[in-house]
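Chains, contacts and geometry: an overview
Chain by chain, the residues run as shown.
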Protein chains: 2
Amino acid sequence: MSGPRAEVLAIGDELVHGSAVDTNSAWLARQLEDLGIAVVRFTVVSDTPAELDRALGQACARADLVVATGGLGPTEDDRTRHAAAAAAGVGLAFDPASWATIEAWFAARGRAAGEDNRRQALVPAGGVALPNRWGTAPGLRLGIGRCTLFALPGVPAEMRAMFEHCVVPGLRELFAARLNPVVHRTLNVLGPTEAALGARLEDVMAAVEGPVRVGITAHFGLLRVRIAATAADRESAAAAADAMADRLRPRLGEELVYEGDQSLAERVLAELREQGATVATAESCTGGLCAKVLTDLPGASEVFVGGIVCYANRSKVRDLGVPADLIEAQGAVSEPVAAALARGAAERFGAGFGLGITGIAGPDGGTADKPVGTVCFGLHARGSTRSWRRRIAPVSREFVRERSVFEALAALLRALREDPVPGEPGPPSPAR
Amino acid sequence: MSGPRAEVLAIGDELVHGSAVDTNSAWLARQLEDLGIAVVRFTVVSDTPAELDRALGQACARADLVVATGGLGPTEDDRTRHAAAAAAGVGLAFDPASWATIEAWFAARGRAAGEDNRRQALVPAGGVALPNRWGTAPGLRLGIGRCTLFALPGVPAEMRAMFEHCVVPGLRELFAARLNPVVHRTLNVLGPTEAALGARLEDVMAAVEGPVRVGITAHFGLLRVRIAATAADRESAAAAADAMADRLRPRLGEELVYEGDQSLAERVLAELREQGATVATAESCTGGLCAKVLTDLPGASEVFVGGIVCYANRSKVRDLGVPADLIEAQGAVSEPVAAALARGAAERFGAGFGLGITGIAGPDGGTADKPVGTVCFGLHARGSTRSWRRRIAPVSREFVRERSVFEALAALLRALREDPVPGEPGPPSPAR
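Scope of this entry: the structure provided in the associated data block. The model shown is predicted, which means the values in this text are computed figures rather than measured ones.

About the criteria used
Residues numbered from 1 in each chain as written. Chains lettered and ligands numbered in written order. Predicted model: local features only at pLDDT ≥ 70, side-chain atom pairs only at ≥ 80, totals over all residues. Heavy atoms only, no water. Helix = DSSP H or I, 4+ residues; strand = E, 2+ residues; numbered from the N terminus. Buried < 20%, exposed > 50% of the residue type's maximum accessible area, 1.4 Å probe, protein only. Contact = heavy atoms within 4.5 Å. Areas by Shrake-Rupley, 256 points an atom, 1.4 Å probe, with all protein chains shown as cover. Lys, Arg positive; Asp, Glu negative; His and termini not counted. Charge placed at Lys NZ, Arg CZ, Asp CG, Glu CD. Pairing = 2+ DSSP bridges. Axes fitted to C-alpha atoms, helices over the stretch in contact; angles between N-to-C directions. Buried area = accessible area lost by both parts, 1.4 Å probe. Salt bridge = Lys/Arg side-chain N within 4 Å of Asp/Glu carboxyl O. Polar contact = N/O pair within 3.5 Å; in protein donor to acceptor, adjacent residues only side chain to side chain. Nonpolar A, V, L, I, M, F, W, Y, C, P; charged D, E, K, R; others polar. Patch = residues over 30% accessible without salt bridge, like charges linked within 9 Å, V, L, I, M, F, W, Y side chains within 5 Å. Least-squares fit on C-alpha atoms with pLDDT ≥ 70 in both. Expected span 1.5 Å × (residues − 1). Core = buried A, V, L, I, M, F, W, Y, C linked by side-chain atoms within 4.5 Å. Phe/Tyr/Trp six-rings, centres within 6.5 Å; stacked < 30°, edge-to-face > 60°. Lys NZ or Arg CZ within 6 Å of the ring centre and 35° of its normal.

A few words now on the overall build of chain A. Counting secondary structure elements, chain A contains 14 helices and 17 strands. By principal-axis analysis of the C-alpha atoms, chain A measures approximately 80 × 55 × 45 Å. Looking at chain A as a whole, 57% of its 432 residues are labelled buried. In chain A, the share of contacts with a sequence separation of at least 24, taken over all contacts with a separation of at least 6, comes to 69%. Accessible surface computed for chain A: about 16,700 Å², of which carbon and sulfur atoms make up 53%. Between the centroid of the 46 positive side chains of chain A and the centroid of its 51 negative side chains there is a distance of 2 Å.

Okay, here's the thing in structure tokens:
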């Protein structure tokens, strides 16, 4: 690859102590990859001067580009500016323009900048302060040998905003001639295990020539097949990505739930909104997770009418109209009860669609007949109800619950697609 | 510190591409710290031979101990064994004992090991294969100069089990003389911002001598003040940790919600269980998150009776008995409505305690009077109801929702403590 050699550096004692997980580096790697810059190494290092100076110096010696996060705050142990100056072999000077920006930030909030904050206005000789409109810590751009260092605050929201506003333009200017556009396609699959899907796609992936990469990532059983294609121009890259998607689709069959970078919940909400449809939930083993996932997104209130967490059987009977003798005869974890939950939710909340989920999330409560991971689903779609059962791998309670919500939302998405005319009752998709 | 210098290395293209976040390193750092070993650097590196060989060699040259994860699988790009052999300057040999274990693992699952898996039986000269009872990939222990390398699989469950069974005994044997016991205490605080709490504790933290560290970590507004004390023996370390906790407690006042490593939800469920009490929820802006958090834990069904996600106002009226004219007069986001939700949930589900949450999670929907982040809470505790309002920093929709659930659960925990005799009605705690 002809692109620049890039590394990412995350700075903070809390990270190497394991009290916080560094998610900034993965986010930066994705952004850089979208610009055509491959990251080959992350380093996470403590604030200790000797450790930080060494790690920052080494990264800059190896790479054309280093993006660092953290260590720009006002306290004694915020030493990223000092480490950068040391690596470049230059001094630090107080920058009145940065100080004015910091003072203005505080003034706008009716407060005064502290003496401590003066530390944040230090800039290594030859470096440029990057204004931070989202917090107090200015960033930094500094050439260190053949490497360019961008230092950003560690607070994710500030870091992301500054990356987009201050770093991306700098990267285009620095590396424009060396960057090839990258085009992504994402196919989202529910059903097979990651290993099984990998085996199924292996020969197609091996047969393709040129700079097209295919990766599979798994999130509680929802598999994202991500295609990344590079070429000299965006059109050729898009064509290569599309060609790969065309070759993979037949291998995915009905297990391909949807395409694109949206989350499954985003996709479902968008489809509901487009059709002017509404949904309600009745959850037993997922205990509110399905409602939570649907309401994670702003504007959910237009399409998500409400939900009931019917953890106790008496709530299934009283709140959702599940016949008590049905639970008695079939058990709470059964297809007929799941169907009754789905119908009950739709009717109680007056929604076009209802989802019912009842199962054994574990780690206890399984039987020979219904082991941990047995989950029954009900989908009430515009007047008719179907139900089905899955044996979810009992990896953990969390896995069973998250995977169950994906199953329910995928079924809802399929039902929405098969009957796209709002208000016109039609058959829900058959169980698979 | 006299302990060994430790680094952690995570290996995998998916990590440096940002498609997966490395959580293994933070977990390992916490485990090592509990053994008295401080980790000073993590490295995350791609599978590319040149990059991996260099990163692994450099880490082993700097450290007394390197724990690596990933790159032990059966495919071509699993190259951790090769990189370790290269760093040590030795060759790789096929280990019949490892191969027998791998074959047995497959046989026990009615399958045959593939030709690919033979790669997993390679061991660098002078190294020891670490048996993996939880998967196919054996681990590796190898001396590289003055450094000891432990290589573990990247799958978190396998990695964790192997760390406990194979690495911990090795560390005790290698570093026993250099390890001091570490004792932790955790104080969990809800109310102040992280910066404000840091300022409040600063002088106490600065005044303490000896190897006692105090760190603050924040998770959606719930602050954990974590004390770590080291000493030559466990009793002295515990005494030092307790002395620090005694000094910090008066500074925390009523904002100290509970002590210990449990999550707030775990603490609440344990207290409910101990008292034989039950809870039900009525959630508007948190949309099921409170129920979800309570049911994340196994055995929740004994104490969590059920919940309603009343996203729409008509559901508040119909399902929870909130008077329609109350919503009309006060607005859905108001203390009286929150109180009615809490009482309605407790009554509808027949629970001793009821929680009601209604607010504006954002990013839209705020007004001058009730900006984004305004959340009203109701707590119905054994017959009497109180309600209060909070202005939560509108950091993000997710933050407002998570912080709201902490607020509700903290209030429930306080109410449980103030009236610990089950069934005996008593006044809920006053609003603060």
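What follows deals with the sheet that holds strand 10 (residues 212–219) of chain A. Residues and elements named next belong to chain A. The 4 strands lie next to each other as 10-11-9-12, forming an open sheet whose pairing is antiparallel. Only two strands of the sheet have a single partner each, and these edge strands are strand 10 and strand 12 (256–259). Taking the axes of each pair of neighbouring strands and ignoring which way they run, one obtains an average angle of 25° across the sheet. Bridge count between strand 9 (residues 182–190) and strand 12: 3 bridges; the pairing is antiparallel. Within the sheet, the bridge partner assigned to N188 lies in strand 12 and is Y258. Running over the sheet, helix 2 (residues 24–34) touches strand 9, strand 10 and strand 11 (222–230) and is turned about 125° from strand 9. Lying over the sheet, helix 8 (residues 234–252) contacts strand 9, strand 10, strand 11 and strand 12, oriented at roughly 15° with respect to strand 9.

Relative to the assigned elements, A:P156 resides in helix 6 (residues 156–175). Considered as a pair, A:P156 and A:V183 are 27 residues apart in the sequence and their alpha carbons are 25 Å apart.

Next up on the list: the pairing of strand 16 (residues 374–381) of chain A. All names here are of chain A. Counting buried positions along strand 16 gives 8 out of 8 residues, so the element sits mostly inside the fold. Across the two faces of strand 16 the burial is the same, with T374, C376, G378 and H380 and V375, F377, L379 and A381 all buried. Taken together, the 7 bridges between strand 15 (residues 353–359) and strand 16 define a ladder with antiparallel strand orientation. Each bridged residue has a counterpart across the sheet, and for G356 the counterpart in strand 16 is G378.

Let us now look at the interface of chain B and chain A. On the side of chain A, 60 residues touch chain B, which itself brings 60 residues to the contact. The contact between chain B and chain A buries some 4,700 Å² in all, and 50% of this surface belongs to carbon and sulfur atoms. Together, B:H17, B:R41 and B:Y311 form the three largest contributors to the area buried by chain B at its contact with chain A, with a combined 12%. At the junction of chain B with chain A, the criterion picks out 6 salt bridges. Joining chain B to chain A, the criterion identifies 37 residue pairs in polar contact (both at pLDDT 80 or more). Here the side of chain B that touches chain A takes 7 residues from strand 2 (residues 39–45) of chain B, the largest share from any one element. Considering only residue class, the side of chain B that touches chain A consists of 25 nonpolar, 18 polar and 17 charged. In the sheet, strand 2 (residues 39–45) of chain A pairs with strand 2 of chain B via 5 bridges, with the strands oriented antiparallel.

Mapping B:H380 onto the fold places it in strand 16 (residues 374–381). Those residues in contact with B:H380 that sit more than four places away from it in its chain are B:A342, B:R343, B:A346, B:G352, B:F353, B:G354 and B:T385.

This part takes up a negative patch on the surface. Negative charge collects at one region of the surface, where A:E14, A:E76, A:D77, A:D116, B:E194 and B:E202 lie side by side. Residue position: A:E76 is located in the loop between strand 3 (65–69) and helix 4 (80–88). A:E76 gets classed as exposed once you look at its relative accessible area, which sits at 67%.

When you line up the elements, B:P363 lands in the loop between strand 15 (353–359) and strand 16. Look at B:P363 and you get exposed, because its relative accessible area is 51%. Note: C-alpha distance between B:P363 and B:S25 (338 residues apart in sequence) is 34 Å. Beyond its immediate sequence surroundings of up to four residues, B:P363 is in contact with A:P298 and B:V372.

Two faces make up the sheet, and in a regular strand the side chains alternate between them. Alignment of strand 10 of chain A against strand 11 of chain A, held across 8 bridges, turns out to be antiparallel. Counterpart to A:I216 in the pairing with strand 11 of chain A is A:V225.

Strand order in the open sheet formed by 12 strands is 6(A)-7(A)-8(A)-3(A)-1(A)-2(A)-2(B)-1(B)-3(B)-8(B)-7(B)-6(B), with mixed pairing between adjacent strands. The sheet is open, and its two borders are formed by strand 6 (128–130) of chain A together with strand 6 (128–130) of chain B, each paired with just one other strand. Taken over all neighbouring pairs, the strand axes of this sheet differ in orientation by 20° on average, direction set aside. The sheet strands contacting helix 6 (residues 156–175) of chain B are strand 3 (65–69), strand 6, strand 7 (139–144) and strand 8 (147–152) of chain B, and the helix crosses strand 8 of chain B at an angle near 165°.

Rotating chain B by 180° about the axis while translating it 0.4 Å along that axis superimposes it on chain A, leaving an RMSD of 0.5 Å. Both chain copies can therefore be described as sitting about a two-fold axis.

Attention now moves to helix 8 of chain A. Residue and element names in this part refer to chain A. With 19 residues, helix 8 extends 26 Å between its outermost C-alpha atoms, agreeing within 8% with the 27 Å of an ideal straight helix rising 1.5 Å per residue. Considered for burial, the residues of helix 8 that qualify are A237, A238, A241, M244, A245, L248 and L252. For helix 8, the N-terminal cap is D233; the gap from its side-chain oxygen to the backbone nitrogen of E235 is 3.2 Å. One or two steps after helix 8, the chain reaches G253, where phi turns positive at roughly 55°.

On to the environment of B:G350, then. Here B:G350 shows up in the loop between helix 13 (335–349) and strand 15. Between the alpha carbons of B:G350 and B:G306 there is a distance of 9.5 Å; along the sequence they are 44 residues apart. What B:G350 contacts, discounting residues up to four positions off in sequence, is A:R314 and B:T278.

The next point concerns the pattern of salt bridges. All names here are of chain A. Counted according to the given criterion, the structure contains 45 salt bridges over all chains. The salt bridge partner of R213 is E33, with a shortest N-O separation of 2.7 Å. In this pair, R213 is assigned in strand 10 and E33 in helix 2, connecting sequence segments 180 residues apart. Looking at R213, the relative accessible area reads 39%, which means it is partly exposed.

Turning our attention to the nonpolar core. Of all hydrophobic cores here, the largest spans 46 residues; its most connected members are A:L264, A:L272, A:F353 and A:L409. Residue assignment for this core shows that the elements contributing at least two residues are strand 12, helix 9 (264–275), helix 10 (289–295), strand 15, strand 16 and helix 14 (397–418) of chain A. Ranked by residue count, the leading element in this core is helix 14 of chain A, at 12 residues. When sequence neighbours within four positions are dropped, the list of residues in contact with A:L264 reads A:L222, A:V257, A:Y258, A:F406, A:L409, A:A410 and A:L413. The next biggest cluster of nonpolar side chains, apart from the first, holds 45 residues, and it includes B:C285, B:C290, B:I357 and B:A410.

Turning our attention to the packing of aromatic side chains. Tallying each qualifying case throughout the model produces 12 aromatic pairs over all chains. A cation sits over an aromatic face here: A:R386 above A:W388, 4.2 Å from the ring centre.

Remember, this is a structural readout, not a statement about activity or role.
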